[in-house]
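Commentary on secondary and tertiary structure
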Amino acid sequence: MTKKAYVFPGQGSQFPGMAKELYDNSSTAKALFEAANEILGFRITDLMFNGTEEDLRATNVTQPSIFLHSVIRAKEMGDEMQADMVAGHSLGEFSALVAAGAISFEDGLKLVYQRAMAMQEACELAKGTMAAVLGLEDSVVEKVCGEQGGIVVPANYNCPGQLVISGEYSAVELTCEAMKIAGAKRALILPVGGAFHSPLMEPAREKLATAIEATEFRVPTCAIYQNVTASAVTNPMEIKKNLVAQLTAPVKWTQSVLAMSNDGATVFTEVGPGKVLQGLVKKICGDVEVSSIG
């Protein structure tokens, strides 16, 4: 029996003009976007539809923009979206939770905006960055990170041969050189504002924990494979705990996709802007069917 997995993208999939066609062609979508403008207290739709790449790169704009595009697209699909399981990459985990009914649209947007602001503040407290390491086994990347001074850790297990590291700027720079010596095809600093999914996000984790604790979570309509555990979760308390831990823990995307495949997923559909995740899924599980709904 075919099982369907729906996956939701994270930061980096934004683009100028995102979701404008959705807004223009769907009254359901338009109403939700206008509700989002009210909740946020500014017209994020103006930035999404007419802003530059630079405008969309600000964390407090990027994260809610991607969330809104993904969630509103999922809601507009209605009964067409018959998910057997869901997952999201980093920020996308919030989109997945709303799509699966674990949290409301309004609460999800508020949490995403609070997460973005808390992460921005944490970035300003310590100079951190991230780097993509290509062409090494995960175990080698983990070993090299462990041998370095300063804070540098594996952050995103994106697919075999592609692992993103995160930490203090100087430590990441030195680790990139060490990765090249260890045989990496490439090890390059990414154009991001901070060290996401590393210990440098601890101040943000503490702030988000308070907000998540105050939010009502329900049992989702299907299992969510969370970044922290890479396993199926349906218990609301466990979902909360994993969501808080996510800010300082690595995104186990490779492991999550493998777990979904092992649990019977044969069709993976990416919902939201871009097509990054369907590419990663195909590299992780070459025998599954992939598509995107943007």
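Check the entry above for the structure.
What you are looking at is a predicted structure, and each value in this text was computed from that prediction instead of being measured.

1. So, the nonpolar core
One finds Phe-33, Phe-67, Leu-68 and Phe-105 to be the most contacted residues of the largest nonpolar core, which totals 60 residues. The next biggest cluster of nonpolar side chains, apart from the first, holds 20 residues, and it includes Val-251, Phe-268, Val-281 and Ile-284.

2. Some remarks on the sheet that holds strand β8 (residues 232-233)
With respect to topology, six strands assemble into an open sheet ordered β8-β7-β2-β1-β9-β10, the strand pairing being mixed. This sheet does not close on itself; its edge strands, each paired only once, are β8 and β10 (289-293). Examined bridge by bridge, strand β9 (residues 265-271) and β10 share five bridges and lie parallel to one another. Note that in β10 the partner of Thr-269 across the bridge is Ser-291. Along the sheet, helix α13 (residues 276-284) makes contact with β1 (3-8), β9 and β10, crossing β10 at roughly 175°.

3. A look at the layout of surface pockets
As a volume, the largest pocket reaches approximately 850 Å³. Taken together, the elements giving at least two residues each to the lining of the largest pocket come down to α4 (53-57), α5 (59-77), α7 (105-125), β3 (128-134), β4 (152-159), β5 (162-168) and α13. Its residues placed into classes, the lining of the largest pocket shows 16 nonpolar, 15 polar and four charged. In this model, the second largest pocket occupies a volume close to 200 Å³. Lining the second largest pocket are 13 residues; nearest its centre among them are Gly-78, Met-81, Ala-99, Ala-100 and Thr-221. For the lining of the second largest pocket, the per-class residue count stands at eight nonpolar, three polar and two charged.

4. Observations regarding the state of the cysteines
Using the criterion set out here, one finds zero disulfides in the structure. Sulfur of Cys-145: no disulfide; nearest cysteine sulfur belongs to Cys-176 and is 9.2 Å away. With relative accessibility at 5%, the residue Cys-145 sits in the buried group. As a non-bridged cysteine, Cys-159 has Cys-285 as the owner of its nearest cysteine sulfur, 11 Å distant. Looking at Cys-159, the relative accessible area reads 2%, which means it is buried.

5. Let's talk about unusual backbone geometry
In the Ramachandran plot, His-197 falls in the positive-phi region, its phi being about 60° despite a non-glycine side chain. Position of His-197 among the secondary structure elements: in the loop between β6 (186-189) and α10 (202-213). Of note in the backbone geometry, Ala-230 takes a positive phi value of approximately 55° without being a glycine. With respect to the element layout, Ala-230 can be found in the loop between β7 (223-225) and β8. For Ala-230, a relative accessible area of 11% translates into the label buried.

6. Structural notes on the sheet that holds β5
With antiparallel pairing, four strands are arranged side by side in an open sheet as β4-β5-β3-β6. Of all strands in the sheet, those bounded by a partner on one side alone are β4 and β6. Taken over all neighbouring pairs, the strand axes of this sheet differ in orientation by 25° on average, direction set aside. Sheet analysis places β4 next to β5, joined by six bridges and oriented antiparallel. Note on β5: the bridge partner recorded for Asn-156 is Val-164. Sheet contacts for helix α9 (residues 169-181): β3, β4, β5 and β6; angle to β5, the most-contacted strand, approximately 145°.

Basis of the calculations
Here the residue index of a chain counts from 1 through its sequence in written order. A pLDDT threshold of at least 70 governs which residues receive local features in this predicted model, and a stricter bar of 80 or more applies before side-chain atom pairs are shown or counted, although totals over entire chains, interfaces and linings include all residues. By convention in this description, side-chain values take in all heavy atoms of the structure and omit both hydrogens and water. Here, nonpolar core refers to any group of buried Ala, Val, Leu, Ile, Met, Phe, Trp, Tyr and Cys residues whose side-chain atoms link them within 4.5 Å. Exposure classes here rest on a 1.4 Å probe applied to the protein chains alone. A residue is buried below 20% of its type maximum, exposed above 50%, and partly exposed in between. Any two strands between which DSSP finds at least two bridges are classified as paired. Numbering of helices and strands starts at the N terminus; helices are DSSP runs of H or I of at least 4 residues and strands are runs of E of at least 2. Two residues qualify as a contact provided that any one of their heavy atoms is within 4.5 Å of a heavy atom in the partner residue. Only C-alpha atoms enter the line fits that serve as axes; for helices the fit covers just the stretch in contact. Angles between N-to-C directions range over 0 to 180 degrees. Only protein atoms enter the 1 Å grid, on which a cavity is a set of points fitting a 1.4 Å probe that cannot get out and a pocket is an open set with protein on both sides within 12 Å along at least 5 of 7 lines, lining residues being those with an atom within 4 Å of a point. Grid points are joined across faces, edges and corners, and a volume is the space filled by probe spheres set on the points. When residues are grouped by polarity, Ala, Val, Leu, Ile, Met, Phe, Trp, Tyr, Cys and Pro land in nonpolar, Asp, Glu, Lys and Arg in charged, and all others, Gly among them, in polar. Note on disulfides: each one is a pair of cysteine sulfur atoms within 2.5 Å.

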